[in-house]
Amino acid sequence: MIESFLKDTEQTDAYAQKIGKFEYANQGTIFLDEIGELPLSLQVKLLRFLQEHTIERVGGKKPIQLDVRVVAATNKSLASEVKEKTFREDLFYRLSVITIDLPPLRERGDDIVLLANSFLNRFSQEYNKINLSFSPRAIQVMKEHSW
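Let me sum up the structure you'll find in this document.

Conventions we followed
Residues numbered from 1 in each chain as written. Predicted model: local features only at pLDDT ≥ 70, side-chain atom pairs only at ≥ 80, totals over all residues. Heavy atoms only, no water. Salt bridge = Lys/Arg side-chain N within 4 Å of Asp/Glu carboxyl O. Buried < 20%, exposed > 50% of the residue type's maximum accessible area, 1.4 Å probe, protein only. Helix = DSSP H or I, 4+ residues; strand = E, 2+ residues; numbered from the N terminus. Core = buried A, V, L, I, M, F, W, Y, C linked by side-chain atoms within 4.5 Å.

This part covers the pattern of salt bridges. Throughout the structure, instances matching the rule amount to five salt bridges. Salt-bridge contacts for D111 lead to R108; the nearest nitrogen and oxygen are separated by 3.2 Å. Among the residues examined, R108 registers a relative accessible area of 23% and is labelled partly exposed. We note a salt bridge from K143 to D110, for which the minimum N-O separation is 3.5 Å. You can see K143 sitting in helix α7 (residues 136-144) and its partner D110 sitting in the loop between α5 (89-95) and α6 (111-126), a full 33 residues away along the chain. Classification of K143 by relative accessible area gives partly exposed; the value is 47%.

What follows is the structure, given as structure tokens:
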């Protein structure tokens, strides 16, 4: 999603009107994956949108008001990125209205087995395989893996 956002905002060919991703998301939600990879130059544009809820098309003459919920995800610690000055502090606070910290699988213990069993059940039904299960050794290997 970030790649699409970058392409839309960097495009300078204003020959025809083009609706961007944020406009398509009007009255809905846009998901920005890997927000921690967004260059500082584009962080300014995203911050401006979050503050003003408006966009201006390339070659446009007037701002367009939008009602878009923004959900963002990253595998980085944005707080650390802010300290390192690679992520804007003001944008960090704008995005951090509701934060869900999801620890990596390696830190979630028995969730690994629950997830594996869930996938096994789902795909065994899909492929008409019955009575499938993991051996005790397979479960042990899953728990010991570094994920």
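Now that the structure has been shown, the text picks up again.
Grouped together as the largest cluster of nonpolar side chains are 19 residues, with contacts concentrated most on F22, I35, L46, F87 and L91. Mapped by element, the contributors of at least two residues to this core are β1 (28-32), α3 (40-52), α4 (78-83) and α5. Considering each element in turn, this core owes the most residues, five residues, to α3.

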